[in-house]
Amino acid sequence: MPYTLLAIENPLLDIQCHPTQDLLDKYNLKANDAILADASHQPLYKEIVDKYEVAYVAGGAAQNTARGAQYFLPPNSTVYMGCISNDKFGETMKESAKADGLTTNYEITTEAPTGTCAVLITGHNRSLVANLAAAEKFTVAFVQKPENWKIVEEAKYYYFGGFCITHDGGYNSAVLVSEHAAKNNKTFALNLSAPFLSQFFKERLDSVIKNTDILFGNEDEARTYSKQAGWNTEDVEEIAKKLSQLEKSNDKPRLVVITQGAEATVTAIGNSSQVHPVIKVQESEIVDTNGAGDGFCGGFMGLYAQGVDEPARCVKAGHYLANIVIKRVGPTYPPMAERTNVPTF
């Protein structure tokens, strides 16, 4: 049976902890950010395991979103591709995805271990430090294998996390799949993912945005893109409109969706924008905010991939799932058996 939604990006095992501010200072990290690890961050992973109580959660932003989308979709509707190693962390990832009903089709490499991401939670902030390892060994040749390209051809909706554009395999796959979607009138969704992408990979980002029908991001990512583009505005609604009107490879209007944490979510199509209030949560109910944005995108895509193309309804589904995620540890969802009485929005 064909899969409805295909997601691709960097599969990473999250190593999550609640460190002191001293640790962030030691590694020159911002409280609320997402970066790629460099040589100076390599000791961080061992240090947090040795000094703090850690939780291991199968992650990678698009994989979190794919697991979230499957929450709303009929069984076996969502498939995910990325690259892992044949090691213990890779097995943990497979099992975690399977428990959420997500089908995985991983490329396996022996050249590097399964990627990890240090998730450092302070208050309601999270600092992500990704060590891609196996994830950046992903190849476009894997996507082009006949049995895998068949999955691409049969899918109707696609979701890529922007993080994959930092390596050639991910970037070339994003271009290939987004071009296929644009030519065949299918829906391609992309996430801006982190401020550094528009700072250091804007040319690559723009070449994928050109084929993108739904562009997600948060307020920091939107404002950073605006700054890099020279738009001279920090107004999120104005930025969303401008993002919607960037060059497009076909005549399908681009929907832009910008979340703002506890503040209202903004959507824009062309020169028209809307504001959607979030579900208010008591501070005492928040366990952690890691993966809340991924959960939002999962809820949104899970409804959209059922043929619901009304932005307001899909935003409600996104808010619903994000609201569940922030009351749990990490980007996790309730067990399959507990998924009853899911609203239709």
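A quick note: this is a predicted structure, and the numbers were derived from the prediction, not measured.

Draft legend 1. Summary view of the overall build of the chain. If you tally the helices and strands in the chain, you get 13 helices and 14 strands. The globule rule puts the C-alpha radius of gyration for 345 residues at 20 Å, and the 18 Å found for the chain is close to it. Projecting the C-alpha coordinates of the chain onto the three principal axes gives extents of approximately 55 × 45 × 45 Å. The contacts in the chain between residues at least 6 apart in sequence include a share of 74% that link residues at least 24 apart. Taking the average place of the 31 positive charges on the side chains of the chain and the average place of its 41 negative ones, the gap between the two points comes to 3 Å.

Draft legend 2. Examining the sheet that holds strand β8 (residues 125-131) more closely. Pairing is mixed across the open sheet formed by 5 strands, whose spatial order is β3-β8-β7-β2-β4. Either end of the sheet is taken by a strand with one partner, and the two such strands are β3 (33-36) and β4 (55-59). For this sheet, the mean angle separating the axes of adjacent strands, direction not counted, is 20°.

Draft legend 3. Main features of the sheet that holds strand β14 (residues 272-276). One open sheet holds the 9 strands; their spatial order is β6-β5-β1-β9-β10-β11-β12-β13-β14, and the pairing between them is mixed. Taken across any chain shown, the strands that pair with only one partner, and hence form the sheet edges, are β6 (103-109) and β14. Within this sheet the neighbouring strands show an average axis-to-axis angle of 20°, counted without direction.

Draft legend 4. Region of the structure containing helix α2 (residues 42-51). Buried residues of α2: L44, Y45, E47 and I48, and no others. Turning to α2, the residues buried within the fold contact β2 (12-17), α1 (21-26), β7 (116-122) and β8.

Draft legend 5. Structural detail: the pattern of salt bridges. Considering all chains together, one arrives at 15 salt bridges under this definition. Linking R67 and D100 is a salt bridge whose minimum nitrogen-to-oxygen distance equals 2.7 Å. Taken together, the residues span a long stretch of sequence, with R67 in helix α3 (residues 61-72) and D100 in the loop between α4 (88-99) and β6 at a distance of 33 residues. On the accessibility criterion, D100 (7% relative accessible area) is buried.

Draft legend 6. Representation of the packing of aromatic side chains in the model. Scanning all chains against the criterion turns up 18 aromatic pairs. Measuring from centroid to centroid gives 6.1 Å for F300 and Y304, while their planes differ by 15°, and the two rings are stacked. With F300 and Y304 both in helix α12 (residues 292-304) and 4 residues apart, the pair spans about one turn of that helix. Across this residue pair, the class does not change: F300 and Y304 are buried. An aromatic cluster is present here, built from Y157, Y159, F216, F296, F300 and Y304 joined pairwise through their rings.

Draft legend 7. Molecular detail of the nonpolar core. The biggest cluster of nonpolar side chains holds 53 residues, and the ones touching the most others in it are L6 and L243. The biggest single contributor to this core is helix α7 (residues 168-183), with 5 residues. Excluding anything up to four places from it in sequence, L6 contacts V79, M81, I151, V152, A155, Y157, Y158 and Y159. One finds Y71, C314, A317 and V325 within the second-largest nonpolar core, a separate group that totals 38 residues.

Draft legend 8. A look at the environment of L205. Turning to its location among the elements, L205 is positioned in helix α9 (residues 202-209). Judged by its relative accessible area of 1%, L205 is buried. Not counting the four nearest positions on each side in its chain, L205 is found in contact with I165, L190, L192, L197, S198 and Y225.

Conventions we followed
Residues numbered from 1 in each chain as written. Predicted model: local features only at pLDDT ≥ 70, side-chain atom pairs only at ≥ 80, totals over all residues. Heavy atoms only, no water. Helix = DSSP H or I, 4+ residues; strand = E, 2+ residues; numbered from the N terminus. Rg over C-alpha atoms; globule rule 2.2 N^0.38 Å. Contact = heavy atoms within 4.5 Å. Lys, Arg positive; Asp, Glu negative; His and termini not counted. Charge placed at Lys NZ, Arg CZ, Asp CG, Glu CD. Pairing = 2+ DSSP bridges. Axes fitted to C-alpha atoms, helices over the stretch in contact; angles between N-to-C directions. Buried < 20%, exposed > 50% of the residue type's maximum accessible area, 1.4 Å probe, protein only. Salt bridge = Lys/Arg side-chain N within 4 Å of Asp/Glu carboxyl O. Phe/Tyr/Trp six-rings, centres within 6.5 Å; stacked < 30°, edge-to-face > 60°. Core = buried A, V, L, I, M, F, W, Y, C linked by side-chain atoms within 4.5 Å.

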